[in-house]
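One letter stands for each residue in the lines below.
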Amino acid sequence: MADSPTTGMIGLGNMGGRIARRIRDGGYPIVGYDASPAALEQSGVVAAASIAELVERSDVVFLSLPDSHVIEAVVHGDDGLLASARDGQVVIDLSTADPGSSARIHGELGSKGVEFIDAGISGGAAAAERGTLVIMAGGSPAPLAALAAVFETFSSAVYHMGEPGSGHTTKVLNNFLNAIALAATAEAMVAGRKAGLDLAQLLDVLNHSTGVNFATLNRFPHVIEGDYLEGGLTNELMAKDMRLYLALLQQLGVTSFTGTACLGAFDLAGALGYGKQISNRVVDAIGDVAGGVRLQGYERTVDPGGESR
Ligand code: NAD
């Protein structure tokens, strides 16, 4: 691997676009490809005309694609990765994908001398923007070490999880916990609103109590102010991740007692028209079903400085 490898990004949406700009601004040449001309243009990244051209121009090819159906099409298509990748190249899949499919792709690309890394990412759009994503990777550790400086442009930690597929398995487990914390907090916040609680005070209490979680800390303080943090994972993609979680547990012979309920919340959001909006909007879907409840515009009923012990 060259000291300053050339890189490519296939999929320049919310995550891929941000990560590609971090890699470019970190000093590594990058070309991008996206099936959507608008996404390609908005990314501001130098464009390749096709996947084959991107592969030709890159030592390292990153993927940031919606799901395994799309990833498999990009790998197996006529001008796809399998047809165009060369011995010694590295392909790093930053998508959240089916671990079984990812493990099969390892084998297929491996037979051409191409290293494939399934690398789940966590932190969302804000961490991608700041370059503080957490990476959970499966496959050979050697490319992770060789590309440490490239990873540093967009991540704060890289964990090697083991065998092919283990990175995406880890990501699916993490996103179940992320999703269920979001759906459960959304439900509690809608109930709190209907109960007439001061929502800022409610969050403050939760954040100092045993109900604290990522959503109470990082999502709802913004949501109650009307900022849904658009630009992050959509309800559709969250529902996709929950389906991956349920399939994984079934395959492992583990009964999921809460996964279906959690999937239901994000499917509800899709059915009510919030599918392409950020998954924080699940709170509006739950609010719709509760009679049109919104978390914004409530009256403060508590003196913000007036907590007692
Ligand atoms: P996105 O929908 O914003 O971006 C996906 C991009 O892929 C789009 O620009 C789309 O046009 C492009 N694309 C679709 N089909 C293509 C094809 N055949 N060839 C080339 N490009 C194609 O999604 P995102 O939010 O950036 O998420 C990307 C992946 O990262 C998903 O797997 C998601 O689950 C995962 N992820 C997202 C977040 C997040 O916070 N958004 C966090 C962690 C992981």
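Computed from a predicted structure; not experimentally measured. (Residues numbered from 1 in each chain as written. Predicted model: local features only at pLDDT ≥ 70, side-chain atom pairs only at ≥ 80, totals over all residues. Heavy atoms only, no water.)

(A) Structural view of the sheet that holds strand S2 (residues 30–33). Strands sit in the order S3-S2-S1-S4-S5-S6-S7-S8 across an open sheet of eight strands; the sheet is mixed. At either end of the open sheet lies a strand with only one pairing partner, and these are strand S3 (46–47) and strand S8 (155–162). The pairing of strand S6 (residues 115–122) with strand S7 (residues 133–138) spans five bridges and is classified as antiparallel. Directly across from Ile 121, in S7, lies its bridge partner Ile 135. Set on the sheet, helix H1 (residues 14–25) makes contact with strand S1 (7–10), S2, strand S4 (60–63), S6 and S7; between it and S1 the angle comes to about 170 degrees. Across the sheet, helix H10 (residues 166–194) is in contact with strand S5 (90–93), S6, S7 and S8; its angle to S6 comes to roughly 15 degrees. (Pairing = 2+ DSSP bridges. Helix = DSSP H or I, 4+ residues; strand = E, 2+ residues; numbered from the N terminus. Contact = heavy atoms within 4.5 Å. Axes fitted to C-alpha atoms, helices over the stretch in contact; angles between N-to-C directions.)

(B) Expanded view of the packing of H10 against helix H13 (residues 235–252). With their axes 9 Å apart at the nearest point, H10 and H13 run at an angle of 120 degrees to one another. Put simply, H10 runs oblique to H13. Note on packing geometry: the crossing formed by H10 with H13 is left-handed. Across the interface between the two elements, Thr 169, Val 172, Leu 173, Asn 175, Phe 176, Asn 178, Ala 179 and Leu 182 from H10 touch Met 238, Asp 241, Met 242, Leu 244, Tyr 245, Leu 248 and Leu 249 from H13. Looking at side-chain class alone, the contact of H10 with H13 contains 11 nonpolar, three polar and one charged residues. (Parallel < 35°, antiparallel > 145°, perpendicular 65-115°, else oblique. Left-handed = near helix turned anticlockwise from the far one by under 90°. Nonpolar A, V, L, I, M, F, W, Y, C, P; charged D, E, K, R; others polar.)

(C) Broad picture of the packing of helix H4 (residues 68–76) against helix H6 (residues 99–110). For the pair H4 and H6, interaxial distance at closest approach is 11 Å and the crossing angle is 10 degrees. It follows from the interaxial angle that H4 and H6 lie roughly parallel. Contact residues: Ser 68, Ile 71, Glu 72, Val 75 and His 76 in H4; Ser 101, Arg 104, Ile 105 and Glu 108 in H6. Among the residues making up the contact of H4 with H6, the classes are represented as three nonpolar, three polar and three charged.

Don't take any of this as a statement about function, it's just geometry.
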